[in-house]
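# Fold and geometry: a report
Each chain, written out:
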Amino acid sequence: MTDEQQRVSISVTAGVADVRLNRPEKRNALDPAMFAGLVEAGERLRSDVSVRAVVLSGEGPDFCAGLDFTSFRAMTSGERLSATAQLPSSAGPAKAAGQRAAYVWAELPVPVIAAMRGNALGGGLQIALGADIRIVAPDARLSVMEVNWGLVPDMTGTQLLPELVGRDVAKELTWTGRVVSGDEAAALGLCTRTDPDPRSAALALAAEIAARSPHAVRAAKRLLDLAGRVDLEAGFAAEQTEIGALIGSPNQVEAVTARFEKRDPSFEDC
């Protein structure tokens, strides 16, 4: 097993991919192997048509405490260890290893739910920003911590964070590096909701989503991800394209039939 495969584990059950950062002895801190493992895991799941939802969490008590201290030490001499991660080229907007480790989850065609407890700091928080939904323990610790190291968020955070919390709150969090609890994160919009057992809650939600028509769920993700990023004419046109492809399709017919017959539907994979 490669270092990348050891850093991130994947298991798939009933259409739900359970993805875990697997470096608990280091609070799942990010090193080149973790960056590569996250990208490799995301790319693998992107092409797996049996996957209908993803849960992203960390082994042990933390989600991800951010960059490995070795990376910060290397920066004092101008080195950037994340750049040493061995990755294939990308056609998407994210090019740097850290950006791809976060944004690969946004690029998945299926819903991604981050389950966060303990520390989600700096780069660890930015990885969670790539998820569609974030369920966080009330006492979790979240921080845009880069300013404390004389840095800026460079793993998509400056672009994705304002969409969630607004530009002013994003600036305040980024300029101060202050730590917020899971409860405050929910109030700010930084997470979707809190739960004392975020991973169990995320798996239950993922199972519920996985029981829906995968074609409808994927189409909805595409449309919702367009909102605010294209003009209304383009967004409305996209709605009509998606609904036109769904109406009368096998999974849409099965959804209607199963409801009338009062039974669980059996959907085809995408």
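As the structure is a prediction and not an experimental result, all values here were calculated from the model. (Residues numbered from 1 in each chain as written. Predicted model: local features only at pLDDT ≥ 70, side-chain atom pairs only at ≥ 80, totals over all residues. Heavy atoms only, no water.)

If you tally the helices and strands in the chain, you get 12 helices and 9 strands. The globule rule puts the C-alpha radius of gyration for 270 residues at 18 Å, and the 19 Å found for the chain is close to it. Across the 270 residues in the chain, those meeting the buried criterion constitute 45%. Within the chain, contacts between residues separated by at least 24 positions form 71% of all contacts whose residues are at least 6 apart in sequence. If you sum the accessible surface of the chain, you get close to 13300 Å²; carbon and sulfur atoms cover 54% of it. (Helix = DSSP H or I, 4+ residues; strand = E, 2+ residues; numbered from the N terminus. Rg over C-alpha atoms; globule rule 2.2 N^0.38 Å. Buried < 20%, exposed > 50% of the residue type's maximum accessible area, 1.4 Å probe, protein only. Contact = heavy atoms within 4.5 Å. Areas by Shrake-Rupley, 256 points an atom, 1.4 Å probe, with all protein chains shown as cover.)

The next point concerns the pattern of salt bridges. Under the counting rule described, the total for this entry stands at 18 salt bridges. Among the ionic pairs, R178 bridges to E172, the shortest N-O distance being 2.8 Å. A salt bridge links R263 to E254; the shortest N-O distance between them is 2.7 Å. Judged by relative accessible area, which is 15%, E254 ranks as buried. Residues joined in a network through salt bridges with shared partners are R7, R23, D31 and D68. (Salt bridge = Lys/Arg side-chain N within 4 Å of Asp/Glu carboxyl O.)

Working note: regular strand, side chains alternate between the two faces of the sheet. Strand β4 (residues 112-116) sits mainly inside the fold: 5 of its 5 residues count as buried. Covered by surrounding structure in β4 are V112, A114 and M116 together with I113 and A115, the residues of both alternating faces. Of the strand pairs in this sheet, strand β3 (residues 53-58) and β4 are connected by 3 bridges, and their pairing is parallel. Paired with V54 across the strands is V112, a residue of β4. As paired strands, β4 and strand β6 (residues 133-136) are joined by 4 bridges and run parallel to one another. Bridge pairing in β6 places M116 opposite V136. (Pairing = 2+ DSSP bridges.)

Okay, unusual backbone geometry next. The backbone of T156 shows a phi angle near 85°, a positive value even though the residue is not glycine. In this fold, T156 is placed in the loop between β7 (141-143) and α6 (157-165). Judged by its relative accessible area of 12%, T156 falls in the buried class. One non-glycine residue, K262, lies in positive phi territory at about 55°.

Quick look at the confidence of the model for the chain now. In this model, the chain carries an average pLDDT of 94, and 94% of its residues clear a pLDDT of 70 or more. Per-element mean pLDDT across the chain ranges from 68 in helix α3 (residues 69-75) up to 99 in β4. (pLDDT = per-residue confidence, 0-100.)

The 3 strands lie next to each other as β5-β7-β8, forming an open sheet whose pairing is mixed. Strand pairing shows two members of the sheet lacking a second neighbour, β5 (119-121) and β8 (180-181), which therefore form its edges. By the bridge criterion, 3 bridges tie β5 to β7 in an arrangement that is parallel. For A120, the partnering residue across the bridge sits in β7 and is L142.

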